[in-house]
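# Residue-level structure breakdown
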Amino acid sequence: MPTLPRPHCDLYYEVHGAGDPTAPALVFAHGLGGNHLSWWQQLAHFAGRHTCVVFSHRGFASSPEAPGGPGLAGFADDLLALLDHLGLHAPVLVGQSMGGWTCTLLAAARPDRVRALVLACTTGAITHPELDAIFAAHLARGLPALPPHVSVAAGLRLAREQPAMNVLYNQVAALSPWLDRRAVMATLVAMRTVPLAALRGPLLCVTGEEDLLIPPSAVTWLVGHVPGARLHHEPAAGHSVYWERPAAFNRALAEFLAALPPVR
């Protein structure tokens, strides 16, 4: 099992695909309900051409964190260390929900190390008064009550239309039973510290019409304020488009990759 020694943590990662030298490497950062296993539907699609890297954030399944570690504050540094370890100078970063914090924090601190950014159902650590107001209104409305077997990150539609996928989503999430997810979410809110102006370079944002956690209006706002950014809005989908509608997600990502300017 490949791991990268980090302070208070051995970071678990996997590398898939032979890697066409003309195709950018893809690094996938999972959300709060996931781990390195979350991206199986993307690996099957992209590893034929791209070098694909998946990892478990510190404190999640396969990457346990010892007491005294930095927790979420170490996510971006861990990702940079992983890029260095694998010799990836400027891959495309794909961040789902919580993973968007990891990717935007790294992209803001080291834009030279990011070829392009994909934010899936997230605005990451970006802050702006207008964006913050959208989230404040969303929080004021509160979340709907859901049955015990339905995660807010998966949503009712997935449970109703794809019950097996809903079960699998819950099983992946259950591999990190020690997590206090409410505490993690509160920490993520406090970590919205990256100014909008720090977000540069090619950007694709994906949102689901029925996302209960990150309002589509927030993602749409972000795309409208980043020059050249692209938006994929998936109808009849929730917070985890990559999981619930993998064909549509993979197609949007592939089109984005095809439109990237060549490396000089």
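Everything numeric here is computed off the predicted structure, so don't read it as measured data.

Further remarks concern unusual backbone geometry. Even without being a glycine, histidine 8 presents a positive backbone phi close to 65 degrees. One can find histidine 8 in the loop between β1 (3–6) and β2 (9–16). Although it is not a glycine, serine 62 sits at a positive phi angle of roughly 75 degrees. Residue placement: serine 62 occurs in the loop between β4 (52–55) and α2 (75–86).

Turning our attention to the packing of helix α4 (residues 129–141) against helix α8 (residues 216–224). Where α4 contacts α8, the two axes come as close as 9 Å, and the packing angle between them is 170 degrees. By the angle between their directions, the pair α4 and α8 is classed as roughly antiparallel. Contacts between α4 and α8 involve Glu130, Leu131, Ile134 and Phe135 from the former and Ser217, Ala218 and Trp221 from the latter.

Turning our eyes to something else, we now look at the pattern of salt bridges. Using the criterion set out here, one finds 10 salt bridges in the structure. Ionic pairing is found between glutamate 161 and arginine 245, a salt bridge with its closest N-O pair at 3.3 Å. Linking glutamate 161 in helix α5 (residues 156–161) with arginine 245 in the loop between α9 (241–244) and α10 (246–258), this pair joins segments that are 84 residues apart in sequence. A relative accessible area of 41% places glutamate 161 in the partly exposed class.

The 8 strands lie next to each other as β1-β2-β4-β3-β5-β6-β9-β10, forming an open sheet whose pairing is mixed. Each end of this open sheet is capped by a strand with a single partner; those strands are β1 and β10 (230–234). Across the sheet, the mean angle from the axis of one strand to that of its neighbour is 20 degrees, orientation sign disregarded. Direction of pairing for strand β5 (residues 92–96) relative to strand β6 (residues 116–120): parallel, over a ladder of 5 bridges. Within β6, the position partnered with glycine 95 by the bridge is leucine 119. Each of β6, β9 (203–208) and β10 touches α8; the most contacted strand, β9, lies at about 160 degrees to it.

It is worth spelling out the pairing of strand β3 (residues 26–29) at this point. Here β3 shows no split at all, with Leu26 and Phe28 on one side and Val27 and Ala29 on the other all buried. By the bridge criterion, 3 bridges tie β3 to β4 in an arrangement that is parallel. Residue valine 27 lies in a different strand from β4, and its bridge partner there is valine 53. Viewed along the sheet, the connection from β3 through helix α1 (residues 40–46) into β4 turns out right-handed. Of the pairings in the sheet, the one linking β3 to β5 comprises 4 bridges and is parallel in character. Following the sheet pairing, alanine 29 is matched in β5 by glycine 95.

Definitions and cut-offs
- Residues numbered from 1 in each chain as written.
- Predicted model: local features only at pLDDT ≥ 70, side-chain atom pairs only at ≥ 80, totals over all residues.
- Heavy atoms only, no water.
- Helix = DSSP H or I, 4+ residues; strand = E, 2+ residues; numbered from the N terminus.
- Axes fitted to C-alpha atoms, helices over the stretch in contact; angles between N-to-C directions.
- Parallel < 35°, antiparallel > 145°, perpendicular 65-115°, else oblique.
- Contact = heavy atoms within 4.5 Å.
- Salt bridge = Lys/Arg side-chain N within 4 Å of Asp/Glu carboxyl O.
- Buried < 20%, exposed > 50% of the residue type's maximum accessible area, 1.4 Å probe, protein only.
- Pairing = 2+ DSSP bridges.
- Right-handed = clockwise from strand over helix to strand, strands pointing away.

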